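Coordinate inspection notes
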Amino acid sequence: MRIARRIAAAAASTAVILGGAVLTAPTASAASLPSACNLIVTQTKEAAAAVNLRSGPGTGYTSLGILSTGTDFTEYCTKDYQWSYGKVTSGANKGKTGWVKYSYLNPVE
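For the structure given in this document, a descriptive report is provided here. (Residues numbered from 1 in each chain as written. Predicted model: local features only at pLDDT ≥ 70, side-chain atom pairs only at ≥ 80, totals over all residues. Heavy atoms only, no water.)

Here we come to unusual backbone geometry. Even without a glycine there, the phi angle at Asp80 is positive, about 55°. Here Asp80 shows up in the loop between β4 (72-79) and β5 (83-88). The phi angle at Tyr81 is positive, at roughly 55°, despite the residue not being glycine. Its place among the elements puts Tyr81 in the loop between β4 and β5. The exposure class assigned to Tyr81 is partly exposed, which follows from its relative accessible area of 34%. (Helix = DSSP H or I, 4+ residues; strand = E, 2+ residues; numbered from the N terminus. Buried < 20%, exposed > 50% of the residue type's maximum accessible area, 1.4 Å probe, protein only.)

What follows is the structure, encoded as structure tokens:
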């Protein structure tokens, strides 16, 4: 339990430094997130352009589907601000989890 609190505290302070990522109680527990995650934050985003949903954080991983422009994606964590892991919440791939290139996602305000 202490580890989860430390992770949450670290994520909260990082969000403040980064300019206001909204932290919520994660729907995915820290224990269930991929080991590649190095910043845990829950944030609603949308695809800025058509982009692959991948099985891992890199272009060498299998595509699980394409997110079209405007598809909603709940980000649970990132890997070096290069890849975001989360769940698709709208569109043809709704309900799938995977990795999306960070630069193709825009925060939803």
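Let's shift gears to the pairing of strand β1 (residues 39-47). Where β1 and β4 come together, six bridges link them in antiparallel fashion. Residue pairing in the sheet places Glu46 in a bridge with Asp72 of β4. Sheet topology note: the β1/strand β7 (residues 105-107) ladder contains three bridges and is antiparallel. Looking at the pairing, Lys45 lines up with Pro107 of β7. (Pairing = 2+ DSSP bridges.)

Once that is clear, we can look at the side chain of Glu75. Structurally, Glu75 is set in strand β4. For Glu75, a relative accessible area of 1% gives the class buried. Of note is the side chain of Glu75, whose polar atom sits 3.4 Å from the side chain of Lys45. Those residues within four positions of Glu75 in sequence are excluded, and the remaining contacts are Val41, Thr42, Gln43, Lys45, Ser84, Tyr85, Gly86 and Tyr102. (Polar contact = N/O pair within 3.5 Å; in protein donor to acceptor, adjacent residues only side chain to side chain. Contact = heavy atoms within 4.5 Å.)

Below, the discussion takes up the nonpolar core. Formed by Ala47, Val51, Leu53, Leu67, Phe73, Val88, Val100 and Leu105, the largest nonpolar core amounts to eight residues. Counting residues in hydrophobic clusters, the runner-up holds seven residues, among them Leu33, Cys37, Cys77 and Trp83. (Core = buried A, V, L, I, M, F, W, Y, C linked by side-chain atoms within 4.5 Å.)

Here we come to the state of the cysteines. Taken as a whole and assessed by the stated rule, the structure comprises one disulfide. The disulfide partner of Cys37 is Cys77, and the gap between their sulfur atoms is 1.9 Å. In this pair, Cys37 sits in the loop between α1 (2-17) and β1 while Cys77 sits in strand β4, placing the two residues 40 residues apart along the sequence. Judged by its relative accessible area of 16%, Cys37 falls in the buried class. (Disulfide = S-S within 2.5 Å.)

This part takes up the pattern of salt bridges. If you walk through the whole model with that rule in mind, you get two salt bridges. The partner of Lys45 in a salt bridge is Glu75, with the nearest N and O atoms 3.4 Å apart. Taken as a pair, Lys45 in strand β1 and Glu75 in strand β4 lie far apart in primary sequence, 30 residues in all. On the basis of relative accessible area, Lys45 is assigned to the buried category, the value being 3%. (Salt bridge = Lys/Arg side-chain N within 4 Å of Asp/Glu carboxyl O.)

On to the environment of Glu46, then. Among the secondary structure elements, Glu46 is positioned in strand β1. Given a relative accessible area of 31%, Glu46 falls into the partly exposed group. Separated by 28 residues in sequence, Glu46 and Thr74 have C-alpha atoms that sit 8.3 Å apart. When neighbours within four sequence positions are excluded, Glu46 is seen to be in contact with Gly70, Thr71, Asp72, Tyr104, Leu105, Asn106 and Val108.

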